[in-house]
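Coordinate inspection notes
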Amino acid sequence: MSKKETEKPILADEVLGKSEAFVIEHKNKFLGAIIAIIVIVGGYLAYNTFVAAPKEAEAAKAIFKAEQYFVNGDLETALNGDGVNAGFLQVIEENGGTDAANLAYAYAGICYAQQQNFDEAINYLEKYNGNDKIVSPMVKYALGNCYAYKENIDKAIKLVLEAAEEANNITV
């Protein structure tokens, strides 16, 4: 006898029967997995829509007046606010995790650097975590200058060179 004659053919009904049995046996697990996916995706979308987006908008609005004080050279008010409007430090405290709070770290660090409070400047500038093509090189440059004033020349040179390289690669 040949090998083909001894093998039992696979019947479609048999395979479907086994698949159906598997699905029926595990339907609660499948249903649970589908519901979990729906809940996770729905929760993520709801969080972004109803929590993160409004918080980001509120933070952007809060930082606006502090930026105006900064541009006008009123660094103390830019940092601490004017009693009505928040300063950079309050934006950081109340709106952590937002893009505006991240930007406020950069502004606060630059304010402290201009006030020659280099330890505080370094503290805030190092907390800036962004890859903006304009702000990031400026923060590295300011941080490098702070380290230069603190006589950490190796770190200062490294940061200033990184800032120059990043700024050199800006394409408009």
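As a reminder, the structure under discussion sits directly above these lines.
None of the values given here were measured: they were computed from a predicted structure. (Residues numbered from 1 in each chain as written. Predicted model: local features only at pLDDT ≥ 70, side-chain atom pairs only at ≥ 80, totals over all residues. Heavy atoms only, no water.)

Looking only at helices and strands, the chain has 9 helices and 0 strands in total. Traced from its N-terminal end to its C-terminal end, the chain shows the element sequence α-α-α-α-α-α-α-α-α. When the 172 residues of the chain are sorted by exposure, 29% land in the buried category. Considering only contacts in the chain between residues 6 or more positions apart, those separated by 24 or more positions represent 46%. For the chain, the accessible area works out to roughly 12000 Å², and carbon and sulfur atoms hold 58% of it. (Helix = DSSP H or I, 4+ residues; strand = E, 2+ residues; numbered from the N terminus. Buried < 20%, exposed > 50% of the residue type's maximum accessible area, 1.4 Å probe, protein only. Contact = heavy atoms within 4.5 Å. Areas by Shrake-Rupley, 256 points an atom, 1.4 Å probe, with all protein chains shown as cover.)

Below, the discussion takes up the pattern of salt bridges. Within the structure shown, the criterion is met by 5 salt bridges. Between Glu166 and Lys140 there is a salt bridge, and its shortest N-O distance comes to 2.4 Å. With Glu166 in helix H9 (residues 153-168) and Lys140 in helix H8 (residues 135-149), this pair connects stretches of sequence that are 26 residues apart. Exposure remark for Lys140: the relative accessible area of 23% places this residue in the partly exposed category. (Salt bridge = Lys/Arg side-chain N within 4 Å of Asp/Glu carboxyl O.)

Here helix H3 (residues 27-71) crosses helix H6 (residues 99-114) at 20°, and the two axes come no closer than 9 Å. Comparing the axis directions of H3 and H6 gives the class roughly parallel. Judged by the twist between their axes, the crossing of H3 over H6 is left-handed. The residues of H6 that touch H3, namely those facing Glu56, Ala59, Ala60, Ile63, Glu67 and Phe70, are Asp99, Ala100, Leu103, Ala104, Tyr107, Ile110 and Cys111. Considered class by class, the residues forming the contact of H3 with H6 number 10 nonpolar, no polar and 3 charged. (Axes fitted to C-alpha atoms, helices over the stretch in contact; angles between N-to-C directions. Parallel < 35°, antiparallel > 145°, perpendicular 65-115°, else oblique. Left-handed = near helix turned anticlockwise from the far one by under 90°. Nonpolar A, V, L, I, M, F, W, Y, C, P; charged D, E, K, R; others polar.)

This brings us to the side chain of Glu67. Along the polypeptide, Glu67 turns up in helix H3. At 11 Å, Lys65 is the nearest oppositely charged side chain to Glu67, a buried residue that forms no salt bridge. Side chain to side chain, Glu67 and Tyr107 meet in a polar contact 3.2 Å long. If near-sequence neighbours (up to four positions away) are discounted, Glu67 is found in contact with Phe88, Leu103 and Tyr107. (Lys, Arg positive; Asp, Glu negative; His and termini not counted. Polar contact = N/O pair within 3.5 Å; in protein donor to acceptor, adjacent residues only side chain to side chain.)

Let us look at H3. Spanning 45 residues, H3 covers 63 Å between terminal C-alpha atoms, matching the ideal 66 Å at 1.5 Å per step. Where H3 bends most, at Asn48, the angle is about 40°. For H3, the complete set of buried residues consists of Ala59, Ile63, Ala66, Glu67, Tyr69 and Phe70. Check the buried side of H3 and you find it contacts helix H4 (75-80), helix H5 (88-94) and H6. Looking at the residues trailing H3, positive phi occurs at Gly73, about 85°. (Expected span 1.5 Å × (residues − 1). Bend = angle between axes of the 7 residues up to and from the residue.)

Our focus in this paragraph is the environment of Lys155. Here Lys155 is to be found in helix H9. Taking the C-alpha atoms as reference points, Lys155 and Leu143, 12 residues apart in sequence, are found 9.3 Å from one another. Those residues within four positions of Lys155 in sequence are excluded, and the remaining contacts are Glu126 and Tyr147.

What follows is about the side chain of Ser136. With respect to the helices, strands and loops of the structure, Ser136 is situated in helix H8. For Ser136, a relative accessible area of 7% gives the class buried. Ser136 has contacts with Tyr128, Gly130, Asn131 and Glu166, leaving out every residue within four places of it along the chain.

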